Amino acid sequence: RVPRAHVNRCCFSGSGDVLVACFGDTIGFWDTGNLSLVTSLKCPPSLGARRFENICLISEDKPAYLVGVWTSGGKGGGQGLSVWNLLTLKHLWSFKFQGACRVSC
């Protein structure tokens, strides 16, 4: 999928061979060798995530997890934090809350 929104945040894997960027409600992974999109991730629709604000790879050298901070729309708005296993590309868990959240890597 080609981004249709501006990129909010991006980071590289420790080896530099993967670029990860969040745009709108999607997180994309690109191979830096040929600039091809490898895969993309989204939150489960039930969370109402509209836009990723920040992302973080854990650990940086051989990332096994991705953490994303997102904002939701609709009544009450709010933010959330979601975690994916990058070995399986599965969403592990999310937490929705009121107020601000920051992720530091």
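Everything that follows concerns the structure shown earlier in this document.
Scope of this entry: the structure provided in the associated data block. The model shown is predicted, which means the values in this text are computed figures rather than measured ones. (Residues numbered from 1 in each chain as written. Predicted model: local features only at pLDDT ≥ 70, side-chain atom pairs only at ≥ 80, totals over all residues. Heavy atoms only, no water.)

Looking only at helices and strands, the protein chain has zero helices and eight strands in total. For the protein chain, the α and β elements follow one another from N to C terminus as β-β-β-β-β-β-β-β. Considering only intrachain contacts with a sequence separation of at least 6, the fraction spanning at least 24 residues in the protein chain is 33%. Just so you have it, the protein chain exposes about 6,200 Å², and 54% of that area is on carbon and sulfur atoms. (Helix = DSSP H or I, 4+ residues; strand = E, 2+ residues; numbered from the N terminus. Contact = heavy atoms within 4.5 Å. Areas by Shrake-Rupley, 256 points an atom, 1.4 Å probe, with all protein chains shown as cover.)

Two modes of strand pairing occur in sheets, parallel and antiparallel, and in both the strands are linked by backbone hydrogen bonds. Read from one edge of the open sheet, four strands run S5-S6-S7-S8, paired in antiparallel fashion. Each having just a single partner strand, strand S5 (49-58) and strand S8 (90-97) make up the two edges of the open sheet. This sheet shows a mean twist of 20° between the axes of neighbouring strands, independent of strand direction. The pairing of strand S6 (residues 65-72) with strand S7 (residues 79-85) spans seven bridges and is classified as antiparallel. Residue pairing for S7: Val69 is matched across the bridge by Leu81. (Pairing = 2+ DSSP bridges. Axes fitted to C-alpha atoms, helices over the stretch in contact; angles between N-to-C directions.)

Read these as layout, nothing more, since geometry by itself doesn't imply function.
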